[in-house]
Amino acid sequence: MDLTQLVPVHVAAGALGLVSGAAAALLRKGSPSHVLAGKVFATTMLAMSGSGALIAYFAPTAASVVAGLLTFYLVSTGWMAIRTAPNTAGAFETGACAAGFAIAAYAIGGGLEASASSGGTKDGFPALIYFIFGGIAAFAAVLDVRVVVGRGLAGRQRIARHLWRMLFGLLMATSSFFLGQMQVFPEPLRKPPILALPVLAVIGLLVYWPLRVLLFSRAPKTGLNDASV
């Protein structure tokens with residue numbers, strides 16, 4: 001199936017997602033500007049990852065399918081973590097949990113196929129990539145079990161869930177652009193140490209914000225707007 005018409009959507013959504021995601025990550029959490037940037041980021045990232053997974057499925061490129069599905073899953077659950085009332089879990093959380101395990105199984109299956117192949121790859125990607133994606137999906141799905149069984153989250157845990165999943169989506173977009181599309185940059189910049197800097201910055205934010213919320217912030221009263229982050 002020819003899905004070339006989705007490529008401009010994928011590229012435009014990715015570009016807007018990078019800008020809005022960087023803004024949301026740096027703005028004061030809970031501020032009106034952060035909320036607006038977060039809405040734009042969530043919408044564009046879902047469009048980017050969804051279209052990317054669909055394009056990759058018919059390419060086919062299994063690793064890119066996994067990356068797209070994993071990003072869609074983490075961003076959607078991260079966004080719903082703050083949109084859903086505290087201590088609440090319903091059909092969405094149950095379905096997302098099942099989706100997380102399904103993505104993990106698909107990714108690990110791809111890793112096993114790559115390991116069994118003569119070249120140790122599947123669709124040009126090594127087994128390790130599939131196993132890393134599968135492990136992240138499984139980890140997130142296990143945390144979803146806690147949400148479903150415990151009937152939701154509140155306080156620091158709810159905000160940390162929102163932050164790490166949204167930031168991981170930003171990490172996927174940043175690494176895909178700066179490391180996966182080096183050819184679009186001028187030759188002097190087309191070096192891994194230089195283009196890796198934005199990726200390392202997002203990794204730093206991914207570690208910093210959830211830890212700050214969990215370890216050093218006051219427990220919020222109602223939601224993200226009350227968090228001292």
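Small disclaimer: the values here were computed from a predicted structure and weren't measured. (Residues numbered from 1 in each chain as written. Predicted model: local features only at pLDDT ≥ 70, side-chain atom pairs only at ≥ 80, totals over all residues. Heavy atoms only, no water.)

**A look at empty space enclosed by the protein**
Line of reasoning, step 1. Per the counting criterion, the structure on display carries one cavity of 30 Å³ or more.
Line of reasoning, step 2. For the largest cavity, the calculated volume is near 110 Å³.
Line of reasoning, step 3. Around the largest cavity sit 15 residues that line it, and Ala81, Thr88, Glu93, Val147 and Arg161 are the ones nearest its centre.
Line of reasoning, step 4. At the level of secondary structure, the elements contributing two or more residues to the lining of the largest cavity comprise α3 (62–83), α4 (91–116) and α6 (155–178).
Line of reasoning, step 5. Sort the elements by how many residues they give to the lining of the largest cavity and α3 lands first, with three residues.
Line of reasoning, step 6. Of the residues that constitute the lining of the largest cavity, the class distribution is seven nonpolar, five polar and three charged. (1 Å grid on protein atoms, 1.4 Å probe; cavity = no way out; pocket = protein on both sides within 12 Å on 5 of 7 lines; lining within 4 Å. Points joined across faces, edges and corners; volume = space filled by probe spheres on them. Helix = DSSP H or I, 4+ residues; strand = E, 2+ residues; numbered from the N terminus. Nonpolar A, V, L, I, M, F, W, Y, C, P; charged D, E, K, R; others polar.)

**Some thoughts on the layout of surface pockets**
Line of reasoning, step 1. What the largest pocket holds in volume is close to 1000 Å³.
Line of reasoning, step 2. Lining the largest pocket are 34 residues, with His10, Met172, Ser176, Phe177 and Gln181 sitting closest to its centre.
Line of reasoning, step 3. Breaking the lining of the largest pocket down by element, the ones donating at least two residues are α1 (7–26), α2 (32–57), α3, α5 (127–149) and α6.
Line of reasoning, step 4. No other element matches α6, which puts seven residues into the lining of the largest pocket.
Line of reasoning, step 5. Considered class by class, the residues forming the lining of the largest pocket number 23 nonpolar, 11 polar and no charged.

**Here we look at the packing of aromatic side chains**
Line of reasoning, step 1. As enumerated under the stated definition, the model contains six aromatic pairs in all.
Line of reasoning, step 2. Ring centres of Tyr57 and Phe58 lie 5.1 Å apart, and the angle between their planes is 90 degrees; this geometry places the pair in the edge-to-face category.
Line of reasoning, step 3. A residue is classified by how much of its surface remains accessible, and Tyr57, at 52% relative accessible area, is exposed.
Line of reasoning, step 4. With relative accessibility at 35%, the residue Phe58 sits in the partly exposed group.
Line of reasoning, step 5. Between the aromatic rings of Tyr208 and Trp209, the centroid separation amounts to 5.1 Å while the plane-to-plane angle is 70 degrees, which identifies the pairing as edge-to-face. (Phe/Tyr/Trp six-rings, centres within 6.5 Å; stacked < 30°, edge-to-face > 60°. Buried < 20%, exposed > 50% of the residue type's maximum accessible area, 1.4 Å probe, protein only.)

Purely geometric stuff here, so don't read any function into it on its own.
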